[in-house]
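Close look at the chain arrangement
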Amino acid sequence: MPRRLIAISLGLCLALLAVALPVGPAAGQDLVIAQGADITTLDPTQATQIHNLNLFYNVYDALVTWDPKDIGKLMPELAVSWKSVDPLTWQFKLRQGVKFHNGEPFNADAVKFTVDRLITKGVHQVYGGFSTIERADVVDAHTVNIVTGKPDPILVKRFAGYGGQMLPPQYIKQVDWKTFAIKPVGTGPYKFVEWVKDDRVVLEANPTYWRGVPKIKRVIWKPIPDNFARVAALTRGEAQIITKVIPDHVSQIQQAGCCRVEHTLTNLVTVYLINAQKGPLANTKVRQALNYAVDKDKIIKELYKGYAIPIGSGIPNTDFGYNPKIKPYPYDPAKAKALLTEAGFANGVDVDVQSGNGIHLNDRQLSEAVALMLQDVGVRAKIGVLEPSQRSQLLRANTFPGLLLADPASTTYDTDGVLWRLRGPGGIIHQAWPGNYEGTPFYKMMEEARVTLDSGKRLKIYHEAAQVWHDEAPELFLFQGEMIDGARNEIVYKARGDQRIILYDITYR
Amino acid sequence: MRDFLIQKLGHTAIVVFCVLTLVFVVLHMTGDPVMMLLPPNASREEIDALSRTLGLDQPLIVQYGRFLARIARGDFGTSLQHQQPAMGLVAERLPASALLAVTALGLAVAVALPLGIVAATRRGTVLDRLAVALAALGQSAPIFWTGLMLMLVGSVILQLLPTSGYGTWRHLILPALTLASYPMAAIARLVRSGMLEVLDADYVRTARAKGLPERRVVLKHTLRNAALPIVTVVGLQFGLLLGGAIVCEMIFSWPGVGRLMIFAIYNRDFPLVEAAVFVMAMVFVAGNMLVDLCYAWLDPRVKLRA
């Protein structure tokens, strides 16, 4: 018995010694990208989170895509051109000679099949982005008309975001949706090879891609949930690109010598939604006071290491409708106190400040900072920390008390998406602010813009609406955030404002 | 023996039923998967449509009835996030979890047993104090800290092992060491205190008096008698290691059941959580049963009777 014990202990020591050999660099020319979570599906109609979308954008093509130099501007992809033939019809001319990875041709039937799927309610997660569409009509093999119920100025943009990926009708009829979700076929620059759940997804270059063969032959997507572990994987050369670097880890990456950070502004705006239905928060002056009481610059500098810019309304500068004349509320605690007094709350007010813990970057710390600043002007802030699903439930029931942290964004880079889809009729927070109820001037403006095809006129409406939004302050406007990725120096890679990782544009130095 | 097994299986069924009911109620009362599935700016129309499709618009009691009917057929349903059979997703990750748990437990026992024995037989010496201090450290250091420190030293500074992932035995070392740290300490302390209790017993003195070599006294007469509580702890630890490796799996990106389950809970993926909890409950029950069987083997006075 003791000998056996000694043998076991010795064996362990030997095993530990045996591993004391250096790990070599990443094998071959495989590009490894580490994201914060594993994908849940490869069916582009069944997920909307960026770590899933990144796979979709490389395995599939959409009709149109964003110009990487100017996100929000459309570029052709599987459609070569598009035009509005009447107020309710958009016509797309399709690229010819494109094939899916299984050899199936891409044509107007594939577009119709995809649109039919998108407009079926209750079976997938992207219906809302396409709910204005009535049907798709095949004109000829390479022309398709998409017909909407009401005029839809952003119809084409809808196809650049999630859900716009073109699906292979024959393949899906042959297998089924469940098989398709784990063995996908698209027309994109990369073909699906394998998915080992929670470990890796492997893609390889599509040799017959219509834009030419991609330069990087094999790409491995690895999920590494821990922030520090992702940075460690990058600096050790186990991954060449990592996503979601937190500001606190930036200096570690820069000091490693092997790597750099790539960062750019996104269209995510961080705000506290205000439930302004009743109580002190129904008073515009109280809401304005909250906006004056919070020092956004200090928060950006201390909590986000400068990777954000302050905002004056909930529309980011990436989106159509952004009004550059609207400036952020300045930090002015004296004015905040004066406004509270004017509103009849000289003795202060009680306000709930709610956020998740880890749902948004530094969310709990942000709430603590905001609560302290609010306390300085006489707002007795009570911090609440919510679990993700609890938070969603509160939102859905429109019962969140006080302030709730959120980071709305528009996938169409349009004011309609970031504002009216949330606040308009049927929107998730429509109830929270009576100023957007039916019959109000704000409601009329936003509803008019929704069906106005003339973009000059639409821009003018949005500029006015943004001013109302700023003045009425139905939100505590904080900042527009940056995304930070990490990359090895030997990789040519730039972060994109739409947060997408487009493999076709990545090369080795 | 047969009666014992039948009774145990009966207990198992009751335990699993209660656990699944509790999980069903808690999950349904505290969150909504539809909101987690749809994009944040989804409209009420979309939310209601998906709720109807998933049957979540029905009263809780109706949903519970359907749930029980499904479970009775052995059907754990389709994961809401993954759109794949829930039990299949859990089964896919079980081997990775089992590998990590078995390695960690093996490591824990292999280190803790000699450490505890040495500490007990050399009571009061530097060796004993060192062992006690190590055990206290292992039990009090939070697992995320241990994991990150091991990664920092083993991967980043010394560059000996991969930071995270799965696939080779090198990937296994850091997570296994991390996971082993707590049970290693717990078992070492238990071995030490158990041995100390027995070392003073009359039969040990008798064994020494009749001139048996000390090694035989310690390993045959003392250890075997001190083994009962150790076996209990080891048995329970296995269940904990299999299902409770969540933090370790997150840090080292290990594709196990714990990580699957935590994301499923976040997203209120009801079928997936239920399937994972079912498997975990079964593992715990099986671990307990093994402990009972070991008791009978270790202590002839114990009879397995219903």
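Residues numbered from 1 in each chain as written. Chains lettered and ligands numbered in written order. Predicted model: local features only at pLDDT ≥ 70, side-chain atom pairs only at ≥ 80, totals over all residues. Heavy atoms only, no water.

**A look at the pairing of strand S1 (residues 31-35) of chain A**
All names here are of chain A.
- Most of S1 sits out of view: five of its five residues are buried.
- Covered by surrounding structure in S1 are Leu 31, Ile 33 and Gln 35 together with Val 32 and Ala 34, the residues of both alternating faces.
- As defined by bridge partners, S1 adjoins strand S11 (residues 241-242) across two bridges and the pair is classed as parallel. Its bridge partner being in S11, Ile 33 is matched across the sheet by Ile 241. (Buried < 20%, exposed > 50% of the residue type's maximum accessible area, 1.4 Å probe, protein only. Helix = DSSP H or I, 4+ residues; strand = E, 2+ residues; numbered from the N terminus. Pairing = 2+ DSSP bridges.)

**Here we look at the sheet that holds strand S5 (residues 89-94) of chain A**
Residue and element names in this part refer to chain A.
- Spatial strand order, S4-S5-S7-S6: four strands in an open sheet with antiparallel pairing. Where the open sheet ends on each side, the last strands, each with one partner, are strand S4 (79-86) and strand S6 (133-140). Taken over all neighbouring pairs, the strand axes of this sheet differ in orientation by 20 degrees on average, direction set aside.
- Two strands pair when backbone bridges link them, and S5 and strand S7 (residues 143-148) are joined in this way by five bridges, in the antiparallel orientation. Opposite Phe 92, over in S7, you have Val 144 as the bridge partner.
- Packing against the sheet, helix H3 (residues 108-118) makes contact with S5, S6 and S7, and its axis sits at approximately 170 degrees to S6. (Axes fitted to C-alpha atoms, helices over the stretch in contact; angles between N-to-C directions. Contact = heavy atoms within 4.5 Å.)

**Focus on the pairing of strand S8 (residues 190-196) of chain A**
All names here are of chain A.
- Examined bridge by bridge, S8 and strand S9 (residues 200-205) share six bridges and lie antiparallel to one another. Bridge assignment links Tyr 190 to a residue of S9, and that residue is Ala 205.
- Taken together, S8 and the strand that follows it, S9, pair antiparallel across an intervening segment of three residues, in which Asp 198 is found at a positive phi of about 60 degrees.

**What about the environment of A:Gly384?**
All names here are of chain A.
- Inspection of the secondary structure puts Gly 384 in strand S15 (residues 379-386).
- Distance in space between the C-alpha atoms of Gly 384 and Ile 50 is 27 Å, their sequence separation being 334 residues.
- Residue contacts for Gly 384: discarding those within four places in its chain leaves Val 353, Gln 354 and Ser 355.

**Description of the nonpolar core**
- Membership of the largest hydrophobic core comes to 91 residues, with the highest contact counts inside it found for A:Ile242, A:Ile253, B:Val90 and B:Met195.
- If we skip the residues at most four places from it in the chain, B:Met195 touches B:Ile117, B:Ala120, B:Val218, B:Thr222, B:Leu223 and B:Ala226. (Core = buried A, V, L, I, M, F, W, Y, C linked by side-chain atoms within 4.5 Å.)

**What to know about the pattern of salt bridges**
- The full count for this structure, using the stated rule, is 38 salt bridges over all chains.
- The partner of A:Asp198 in a salt bridge is B:Arg259, with the nearest N and O atoms 3.8 Å apart. Linking A:Asp198 in the loop between S8 and S9 with B:Arg259 in helix H12 (residues 257-266), this pair reaches from one chain into another. Of the two residues examined, A:Asp198 and B:Arg259, each falls in the buried class. (Salt bridge = Lys/Arg side-chain N within 4 Å of Asp/Glu carboxyl O.)

**Brief notes about the interface of chain B and chain A**
- Chain B puts 65 residues into the contact, and the matching count from chain A is 58 residues.
- Across the interface of chain B and chain A, roughly 5300 Å² is buried in total on both sides, 55% from carbon and sulfur atoms.
- Connecting chain B to chain A are five salt bridges.
- Note that B:Glu46 is salt-bridged to A:Arg421, the shortest N-O span being 3.7 Å.
- For the pair chain B and chain A, the interface holds 12 residue pairs in polar contact (both at pLDDT 80 or more).
- Considering every element that reaches the side of chain B that touches chain A, the biggest residue donor is helix H3 (residues 44-54) of chain B, with nine residues. (Buried area = accessible area lost by both parts, 1.4 Å probe. Polar contact = N/O pair within 3.5 Å; in protein donor to acceptor, adjacent residues only side chain to side chain.)

**So, the packing of helix H5 (residues 86-121) of chain B against helix H13 (residues 270-298) of chain B**
All names here are of chain B.
- One way to put it is that H5 packs onto H13 with a least axis distance of 8 Å and a crossing angle of 50 degrees. Taken together, the axes of H5 and H13 are oblique relative to one another. Handedness of the H5/H13 crossing: right-handed. Along its contact with H5, which presents Ala 86, Met 87, Leu 89, Val 90 and Leu 94, the element H13 presents Pro 271, Leu 272, Ala 275, Ala 276, Phe 278 and Val 279. (Parallel < 35°, antiparallel > 145°, perpendicular 65-115°, else oblique. Left-handed = near helix turned anticlockwise from the far one by under 90°.)

**Comments concerning unusual backbone geometry**
Residue and element names in this part refer to chain A.
- One non-glycine residue, Lys 244, lies in the positive phi region at around 55 degrees.
- You can see Lys 244 is positioned in the loop between S11 and helix H8 (250-255).
- We classify Lys 244 as exposed; its relative accessible area is 54%.
- A positive phi is found at Asn 362, a non-glycine position, where the angle reads about 55 degrees.
- The topology assignment puts Asn 362 in the loop between strand S14 (349-356) and helix H12 (363-376).

**Overview of a nonpolar patch on the surface**
All names here are of chain B.
- A cluster of nonpolar residues, Phe 144, Trp 145, Met 149 and Val 247, forms a patch on the protein surface that exposes about 360 Å² of accessible area.
- Looking at which element gives the most residues to the nonpolar patch, the answer is helix H7 (residues 143-157), with three residues.
- Positionally, Val 247 belongs in helix H11 (residues 246-251).
- According to the relative accessible area criterion, Val 247 is partly exposed, its value standing at 35%. (Patch = residues over 30% accessible without salt bridge, like charges linked within 9 Å, V, L, I, M, F, W, Y side chains within 5 Å. Areas by Shrake-Rupley, 256 points an atom, 1.4 Å probe, with all protein chains shown as cover.)

**Focus: the side chain of B:Ser164**
- Mapped onto the elements of the fold, B:Ser164 is located in the loop between H7 and helix H8 (169-199).
- With relative accessibility at 9%, the residue B:Ser164 sits in the buried group.

**Details of the environment of A:Cys259**
Residue and element names in this part refer to chain A.
- Relative to the helices and strands, Cys 259 resides in strand S12 (residues 259-274).
- Residue class for Cys 259 comes out buried when judged on its relative accessible area of 6%.
- In this structure the C-alpha to C-alpha distance between Cys 259 and Arg 458, which are 199 residues apart in sequence, comes to 44 Å.
- Apart from the residues within four sequence positions on either side, Cys 259 is in contact with Leu 234, Thr 235, Ile 253, Gln 254, Ala 487, Arg 488 and Asn 489.

So far we have only geometry, and geometry alone does not tell us how the molecule works.
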